Amino acid sequence: MKIFSASKIREADETTISRQGITTGELMERAGTEVFLWLKKRFPDKETVFHVFCGKGNNGGDGLVVARLLHNDNYKVVVDIVEGTGNPSEDFTANFEKLEQNNLACNTNEAYEYKKHKIIFLDAIFGIGLNREVGAEAKEAIQRINNSAVKIISIDVPSGMFMDRKSDIAVHSDMVLTFQFTKLAFYLAGNCNFIKEIKILDIGLDKDFIANEPTQFFLTDRTEAHQRYRPVPAHAHKGTQGHALIIGGSYGKIGAVTLSSKAALKSGCGLVTAYIPKCGYTIVQTAFPEAMVLTGGEEHINTIAFDIEPKAIGIGMGLGQQPETQQAVLEFLKHQKTPMVIDADALNILSYNNEWLNMLPENTILTPHPKELERLMGSWEDDFEKMEKIRAFAKEHKIILVAKDAFTIVACNDRVHINSTGNAGLATGGSGDVLTGIITGLLAQSYSPADAAIFGVYLHGLAADIGVCETSKQAFTASDIINYLGAAYLKIEAEKAQK
């Protein structure tokens, strides 16, 4: 799914109005109707009270449409027009007059009774056009909404959230009903408190515009993942499914390389070899009998030499950063042309030796968590600068950068792909090791590096989404990701079969 900037979304609106021969008011009615229909389906009980907070711009106009439709469908509706939100737009004014015609008054300070869980706050104060700091009256309204202890639903965006810069205050939405496109700002770490759930409502914007308009940002949703997924051929055998080599481990950290190796095999590749120090030999052979094992060094790897020909290599998990290990990594990189995933200690070694980045084969995949990312490319002021630095770093070094976070970002070919799966259950030791194993296993199966990274991140998150439903987020572990990979594949195959 494409992600467009606020200016491109406005252009999509204008193109739709022109090509479909409708007015801005008719498009607003269409958007408000979609919100109303969603609310009616989710909250069929007519005892539900909807308290709608509207600004005076077009987002407020959307809110007025919703308020009128709810009122006419016999819901209890209370409307507050928030002052200090600019001059009334033409479509806001038109819909305000329609409220009066339908006998729905605003700003009545009406006291209303409601049963527990039967009240919804609808936030329609500001939309994507917000370009100034929130004033005192609007800030007071946002704080009132946030302090309400009721369910909060925002129309299009949480009011106060900027689309192109850091947001300091915004509505803390339980659900955002956004129009046609998701928004980049929804997936940035600094905005995590403002959104719990997102629902995209199709309001019929021009399909040709959406299909033909270029963008550098994409959401890896179910459709995108299905396009990148490659089913196992009917006559496959272990030789055709690829051989993955996983290099890592040191004394006390053999678990990391074991998790990666297991994940590589569970991703569907035919063979896995673990390259580890000798201290981990018995552990891996016992914990993961399906793996073959090669060794180099006693308690940490001091040389990397092998006579196999893997189709993909993952390196770094639990590797350690001893001088001998760093030298071994250098010698390994000098001669390596095999598709590769670099993680953990191997990333830290690269950050200490930045010039080694020039030795990486094109489209090598790097999988840093936030601190590793900062060591690699330096710090950033806010999430928007971070996004640009990620794109620039990946482009400069001709690599694929998988920046792990609550919403993991994959930067490749001057594009940014934001993952839609995963949850807080992944905030556990070893989940990154599993991700590296999955991506390496996909590479070994001849997925392109871009597909391996994008689909691998989606698959990793999907396994967690399925798993936490049975284990809880608190009890979820990295091993559970591996255990639920099969269920994730089955879900993808079932969804594809329904198309």
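The model shown is predicted, which means the values in this text are computed figures rather than measured ones. (Residues numbered from 1 in each chain as written. Predicted model: local features only at pLDDT ≥ 70, side-chain atom pairs only at ≥ 80, totals over all residues. Heavy atoms only, no water.)

Colleague: How do you make sense of the nonpolar core when you look at a structure like this?
Modeller: L39, V79, I315 and L366 are the most contacted members of the largest nonpolar core, which has 99 residues in total. Each of domain 1 (2–214) and domain 2 (225–498) contributes no fewer than three residues to this core. Setting aside its immediate chain neighbours within four residues, I315 contacts I247, I304, V329, F332, M340, V341, I342, D343 and A346. Formed by 57 residues, the second largest nonpolar core is a distinct cluster that contains L259, V293, L426 and A450. (Core = buried A, V, L, I, M, F, W, Y, C linked by side-chain atoms within 4.5 Å. Buried < 20%, exposed > 50% of the residue type's maximum accessible area, 1.4 Å probe, protein only. Domains from an automatic or database assignment. Contact = heavy atoms within 4.5 Å.)

Colleague: Honestly, the sheet that holds strand β4 (residues 119–124) in this entry has me stumped. Any pointers?
Modeller: Backbone-to-backbone hydrogen bonds join strands into a sheet, with any given pair of strands oriented parallel or antiparallel. Judged by pairing direction, the sheet is parallel, and its six strands sit side by side in the order β3-β2-β4-β5-β6-β7 without closing on themselves. Of all strands in the sheet, those bounded by a partner on one side alone are β3 (76–81) and β7 (198–201). Averaged over all adjacent pairs, the angle separating strand axes in this sheet is 20 degrees, with direction ignored. Relative to strand β6 (residues 175–179), strand β5 (residues 151–155) runs parallel, the two being bridged by three bridges. Following the sheet pairing, I153 is matched in β6 by M175. Seen against the sheet, helix α5 (residues 136–146) touches β2 (49–54), β3, β4 and β5 and runs at an angle of roughly 155 degrees to β2. (Pairing = 2+ DSSP bridges. Helix = DSSP H or I, 4+ residues; strand = E, 2+ residues; numbered from the N terminus. Axes fitted to C-alpha atoms, helices over the stretch in contact; angles between N-to-C directions.)

Colleague: What am I meant to see in the side chain of D480 here?
Modeller: Tracing the backbone shows D480 in helix α16 (residues 478–483). Although D480 is buried, it forms no salt bridge, and the closest oppositely charged side chain is K262 at an N-O distance of 11 Å. Looking at D480, its side chain comes within polar contact range of the main-chain nitrogen of T477, at 2.9 Å. Not counting residues up to four positions away in its chain, the partners in contact with D480 are T471 and A475. (Lys, Arg positive; Asp, Glu negative; His and termini not counted. Salt bridge = Lys/Arg side-chain N within 4 Å of Asp/Glu carboxyl O. Polar contact = N/O pair within 3.5 Å; in protein donor to acceptor, adjacent residues only side chain to side chain.)

Colleague: I'm lost on the packing of helix α15 (residues 449–471) against helix α17 (residues 485–498) in this one. Help?
Modeller: Geometrically, a packed helix pair is captured by the angle between its two axes and the distance between the axes. It is the contact of α15 with α17, at a shortest axis distance of 8 Å, that shows an interaxial angle of 105 degrees. In terms of orientation, α15 and α17 fall into the roughly perpendicular class. Contact residues: α15 offers F455, Y458, L459, L462, A463 and I466, while α17 offers L485, A487, A488, Y489, K491 and I492. For the contact of α15 with α17, the per-class residue count stands at 11 nonpolar, no polar and one charged. (Parallel < 35°, antiparallel > 145°, perpendicular 65-115°, else oblique. Nonpolar A, V, L, I, M, F, W, Y, C, P; charged D, E, K, R; others polar.)

Colleague: Looking at this structure, I do not really get the domain arrangement of the protein. What am I missing?
Modeller: When the parts of a complex come together, some accessible area is lost, and that lost area is often used as the size of the interface. Segmenting the protein into domains produces domain 1 (2–214) and domain 2 (225–498). Each of domain 1 and domain 2 was reduced to a C-alpha centroid, and the two centroids are 40 Å apart. In this assembly, 14 residues from domain 1 lie in contact with seven residues from domain 2. Contact between domain 1 and domain 2 buries roughly 840 Å² in total, counting both sides, with carbon and sulfur atoms accounting for 78%. On the domain 1 side of the contact with domain 2, L184, Y187 and L188 bury the most area, a combined 55% of that side's loss. The tally of links from domain 1 across to domain 2 stands at zero salt bridges. Linking domain 1 to domain 2 there are one residue pair in polar contact (both at pLDDT 80 or more). (Buried area = accessible area lost by both parts, 1.4 Å probe.)

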